[in-house]
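Structural characterization, general
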Amino acid sequence: KNQVEQSPQSLIILEGKNCTLQCNYTVSPFSNLRWYKQDTGRGPVSLTIMTFSENTKSNGRYTATLDADTKQSSLHITASQLSDSASYICVVTPLQGGSEKLVFGKGTKLTVNP
Amino acid sequence: DSGVTQTPKHLITATGQRVTLRCSPRSGDLSVYWYQQSLDQGLQFLIQYYNGEERAKGNILERFSAQQFPDLHSELNLSSLELGDSALYFCASSQTGGRTGELFFGEGSRLTVL
């Protein structure tokens, strides 16, 4: 069964610190891996999309990495800000089918404190 | 602002009732997706429409139905509501519905069933 597991479930850090969120998946073969940011009560917003052949993608202070051999991805946040407080969702698209087949993780809830 | 509009933002109703959630996709997007997000759960795919036609079905209950109109807006109908239907319902749109397409999410409709 295609699954996406994220860790930790929740994380609290101080403003200005860096952090790394993990995503392990069993989806194989896959087309792409996405990271979304979801503020509480809001819709998810795309941060990065990596194809299976890419191993890193940056978006400002957000850097996603992908190791297709170990089926792991990470999202690194540099110099965190209060506005980074949100849930971060890892999503994997299987190679078969379209976007309706996206497999969503449950997310990591990040809290950035002053 | 993703360009995807969902109404209403909040809805409180009683068990056994019926509600309709509405979604207007981004200009030019032909594909609309509906997702359910229960408390502390990942996004669950319900159904996808492409250019007015149903394209894919996920874990959508028989009490739920949807349609996409000629102007490409979509409605999700939830009937015989139960307490467990309380959740955030998100609509997303994409240009084509293919697996590489970017998904843009609306702000969601929060349904509370009492």
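Values in this document were obtained by computation on a predicted structure and should not be read as measured data.

Comments concerning the state of the cysteines
Per the counting criterion, the structure on display carries two disulfides over all chains. Between the sulfur atoms of Cys23(A) and its disulfide partner Cys90(A) the distance amounts to 2.0 Å. Across the S-S bond of Cys23(A) and Cys90(A) the torsion is about -65°, and the bridge reads as left-handed. On the criterion of sequence distance, the pair formed by Cys23(A) in strand 3 (residues 19–25) and Cys90(A) in strand 9 (residues 86–94) is long-range, its members being 67 residues apart. In terms of burial, Cys23(A) and Cys90(A) fall into one category: buried. A sulfur-sulfur separation of 1.8 Å characterises the disulfide bridge that pairs Cys23(B) with Cys91(B). In this structure the cystine formed by Cys23(B) and Cys91(B) twists about its S-S bond by roughly -50°; its chirality is therefore left-handed. Separated by 68 residues along the polypeptide, Cys23(B) in strand 3 (residues 19–24) and Cys91(B) in strand 9 (residues 87–94) bring together distant segments of the chain. The two residues Cys23(B) and Cys91(B) agree in class, both being buried. For Cys19(A), which is in no disulfide, the shortest distance to another cysteine sulfur is to Cys90(A) and amounts to 15 Å.

Section: the side chain of Gln48(B)
Along the chain, Gln48(B) falls in strand 5 (residues 44–50). Relative accessible area serves as the criterion here: at 0%, Gln48(B) is assigned to the buried category.

What to know about the sheet that holds strand 1 (residues 5–7) of chain B
Residue and element names in this part refer to chain B. Strands sit in the order 1-3-8-7 across an open sheet of four strands; the sheet is antiparallel. Of all strands in the sheet, those bounded by a partner on one side alone are strand 1 and strand 7 (64–68). Between one strand axis and the next, the sheet turns by 15° as a mean value, whatever way the strands run. Where strand 1 meets strand 3, three bridges bridge the pair, whose relative direction is antiparallel. When the bridges of strand 3 are listed, threonine 7 appears paired with arginine 22.

With respect to the pairing of strand 8 (residues 74–78) of chain B
Moving residue by residue along a regular strand, the side chains alternate between the two faces of the sheet. Residues and elements named next belong to chain B. With five of five residues buried, strand 8 is to be regarded as a mostly interior element. Burial of strand 8 is two-sided: the residues Ser74, Leu76 and Leu78 facing one way and the residues Glu75 and Asn77 facing the other way are all buried. Two strands pair when backbone bridges link them, and strand 3 and strand 8 are joined in this way by five bridges, in the antiparallel orientation. Its bridge partner being in strand 8, threonine 20 is matched across the sheet by asparagine 77. Strand direction decides the pairing type here: strand 7 and strand 8, joined by five bridges, are antiparallel. Counted as the bridge partner of alanine 66 is leucine 76 from strand 8. Counting the residues between successive antiparallel strands, the hairpin from strand 7 to strand 8 contains five residues, one of them, leucine 72, with a positive phi of roughly 80°.

Conventions adopted
- Residues numbered from 1 in each chain as written.
- Chains lettered and ligands numbered in written order.
- Predicted model: local features only at pLDDT ≥ 70, side-chain atom pairs only at ≥ 80, totals over all residues.
- Heavy atoms only, no water.
- Disulfide = S-S within 2.5 Å.
- Helix = DSSP H or I, 4+ residues; strand = E, 2+ residues; numbered from the N terminus.
- Buried < 20%, exposed > 50% of the residue type's maximum accessible area, 1.4 Å probe, protein only.
- Pairing = 2+ DSSP bridges.
- Axes fitted to C-alpha atoms, helices over the stretch in contact; angles between N-to-C directions.

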